[in-house]
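Here are the chains, one letter per residue:
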Amino acid sequence: MKLRSKILLPVGIVLVTLIVGMHFLSTRILLQGFARVEDNTMRVNLSRAANALNETVEQLEVKSGDWSMWDDTYQFVVDRNDAFINSNVSALALQTIQVDGVLVVDNALKAALDVKLETSGNELTLAGNMLAPIVRSYPFLTQHASNESTHAGMLLTAEGPMLLASRPVVNSQGEGEIRGTLMFVRALDETLMNSIQKRTQLRTSVCRIGDLQMPEDFKSALPLISAEQSTLVRPISDAHISGFKVINDMTGRPLLILRVISDRNEYRWGQTTVHFLLFSLIAVAVISSIVVVVLIEKVILRRLAYLAKQVDHIAKAGDSSKRVTLTGEDELSVLGIEMNQMLTSLERAHHEREELARKLVETSRQAGMAEIATGILHNVGNVLNSV
């Protein structure tokens, strides 16, 4: 394996591991964080929708106080005068104050006034004798311990869930004996829910607990809601999330399930953030890889290849007097200096071997001449001896 591959392979493995690890952590941490924000936002929205219902009850309570603490009503309970009805009770008057029905009873629970708005074609009319069964089903609505007593909230009636406010009938000063009870009602219908949606800017809907035609999402949510945890939040899809909240009636019993549906803006922001982070990591990894490759190529591999080329050229030439040239002050430059010192040592050793060889040759030549001379002298001696 080449040096380039040995360097780039571990660098690539580290970068890929970093990207995968960061993506896993960002998905777990960031998306879970955005999911918690989304959950909290939905719970706040559910509280806003529930508060809008409570505010409607409070408004009904205030309006009932205007009528119950009034001398005209105080007198009407006694004499049932037509002037009171002609002056104050009409479909338009009730529609204007956003009340769907009025019930006035005396202390004997005899109805002095019992009217409710009804739709006939495109017109609103008043229907009589519609609300008295409510006080018979819930006697506490007519039981007032003091002139300031009030009963307000929601109850299930024969016509479905209704918002009610019940007050004692007293004079305009809030004094005198209690002569009966005045009750305002408002139906929990599509008109009211549309009004709440406009006020809260939330997609809200309600369903009565026990309704045989309860939608499937309400049915599946109901078992998951308990007295301790009356709120449930769960995603519908990647685009929407729903929240459910149990609404109790005036007696404290569960009456309705309130549902709010919202867009999953926080979750989509989280996904966008994670994707942006992932793409940023990939971009940084690619740029870092390119920078590393360029630096390794320029600072190490190219100079190393240049050094190897010079060494190869010197080896092929067999000339130890040549030197390598490598600029810089790093380890490769030190290696070039060391190689030059090695070449210098080789050159010196080469010269020493040449000088030694020359001396050996000279010594051998001189030794050979001496041996020849000795042989000649020996031969001359033999000749002389023979003479």
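Refer to the structure above for everything that follows.
Enquirer: Can you help me understand the pairing of strand 6 (residues 180-187) in this one?
Expert: Two faces belong to every sheet, and in a regular strand the side chains alternate between them. The element strand 6 is extensively covered by neighbouring structure, given that eight of its eight residues are classed as buried. Residues Gly180, Leu182, Phe184 and Arg186 point to one face of strand 6 and Thr181, Met183, Val185 and Ala187 to the other, with burial holding for every one of them. Pairing geometry for strand 1 (residues 101-106) and strand 6, over six bridges, is antiparallel. Across the sheet, residue Val104 finds its bridge partner in strand 6, namely Leu182. Where strand 5 (residues 160-168) and strand 6 come together, seven bridges link them in antiparallel fashion. Across the sheet, residue Pro168 finds its bridge partner in strand 6, namely Thr181.

Enquirer: Would you mind going over unusual backbone geometry with me for this structure?
Expert: With the exception of glycine, most residues fall at negative phi, and the peptide bonds are largely trans. Here Arg80, not a glycine, exhibits a phi torsion of approximately 50 degrees, which is positive. Note that Arg80 resides in the loop between helix 2 (71-79) and helix 3 (82-88). We classify Arg80 as partly exposed; its relative accessible area is 29%. You will see that Leu109, though not glycine, has its phi angle at about 65 degrees, which is positive.

Enquirer: Where do I start with the nonpolar core in this structure?
Expert: Grouped burial of nonpolar side chains is what soluble globular proteins tend to show. Core analysis: the biggest nonpolar cluster contains 41 residues, and Val102, Val104, Leu113, Met154, Leu163, Phe184 and Leu188 have the highest contact counts within it. If one sorts the elements of this core by residue count, helix 1 (residues 3-68) sits on top with nine residues. Setting aside anything within four residues of it in sequence, one finds Phe184 in contact with Leu60, Lys63, Ser64, Trp67, Ile97, Val99, Gly101, Val102, Leu163, Leu164 and Ala165. Counting 12 residues, the second largest nonpolar core, distinct from the first, contains Leu131, Met162, Leu164 and Met183.

Enquirer: Help me understand helix 8 (residues 265-317), please; the structure alone is not making it clear to me.
Expert: For the α-helix, the turn length of 3.6 residues means that residues three or four positions removed from each other point alike. Over its 53 residues, helix 8 extends 75 Å from the first C-alpha to the last, a length consistent with the 78 Å expected when each residue adds 1.5 Å. Along helix 8, the sharpest kink reaches roughly 45 degrees, centred on Glu297. Downstream of helix 8 by one or two residues, Gly318 has phi in the positive range, about 65 degrees.

Enquirer: Mind showing me how you'd approach the environment of Ser345 here?
Expert: Note that Ser345 resides in helix 9 (residues 331-386). Through-space distance from the C-alpha of Ser345 to that of Val115 is 122 Å; in sequence the pair is 230 residues apart.

Enquirer: Would you take a moment to explain a nonpolar patch on the surface for this structure?
Expert: On the surface, Leu18, Met22, Phe24, Leu25 and Ile29 cluster together into a nonpolar patch covering about 470 Å² of accessible area. Relative to the elements of secondary structure, Ile29 occurs in helix 1. Under the relative-accessibility criterion, Ile29 is labelled exposed at 55%.

Enquirer: Please clarify how the packing of aromatic side chains should be interpreted in this entry.
Expert: The geometry of an aromatic ring pair is captured by two quantities: the separation of the ring centres and the angle between the planes. Counted according to the given criterion, the structure contains seven aromatic pairs. Both rings, one in Trp67 and one in Trp70, keep their centres 6.2 Å apart while their planes meet at 65 degrees; by these two values the pair is edge-to-face. For Trp67, a relative accessible area of 12% translates into the label buried. Both rings, one in Trp67 and one in Phe84, keep their centres 6.1 Å apart while their planes meet at 85 degrees; by these two values the pair is edge-to-face. Pair noted here: Trp67 is in helix 1 and Phe84 is in helix 3, with a separation of 17 residues, a long-range link. Through a chain of ring-to-ring contacts, three or more aromatic side chains come together here, namely Trp67, Trp70, Phe76, Phe84 and Phe184. Taking NZ or CZ as reference, Arg179 lies 3.8 Å from the ring centre of Tyr74, over its face. The ring of Tyr267 has Arg264 lying over it, and the distance from NZ or CZ to the ring centre is 4.0 Å.

Rules used throughout
Residues numbered from 1 in each chain as written. Predicted model: local features only at pLDDT ≥ 70, side-chain atom pairs only at ≥ 80, totals over all residues. Heavy atoms only, no water. Buried < 20%, exposed > 50% of the residue type's maximum accessible area, 1.4 Å probe, protein only. Helix = DSSP H or I, 4+ residues; strand = E, 2+ residues; numbered from the N terminus. Pairing = 2+ DSSP bridges. Core = buried A, V, L, I, M, F, W, Y, C linked by side-chain atoms within 4.5 Å. Contact = heavy atoms within 4.5 Å. Expected span 1.5 Å × (residues − 1). Bend = angle between axes of the 7 residues up to and from the residue. Patch = residues over 30% accessible without salt bridge, like charges linked within 9 Å, V, L, I, M, F, W, Y side chains within 5 Å. Areas by Shrake-Rupley, 256 points an atom, 1.4 Å probe, with all protein chains shown as cover. Salt bridge = Lys/Arg side-chain N within 4 Å of Asp/Glu carboxyl O. Phe/Tyr/Trp six-rings, centres within 6.5 Å; stacked < 30°, edge-to-face > 60°. Lys NZ or Arg CZ within 6 Å of the ring centre and 35° of its normal.

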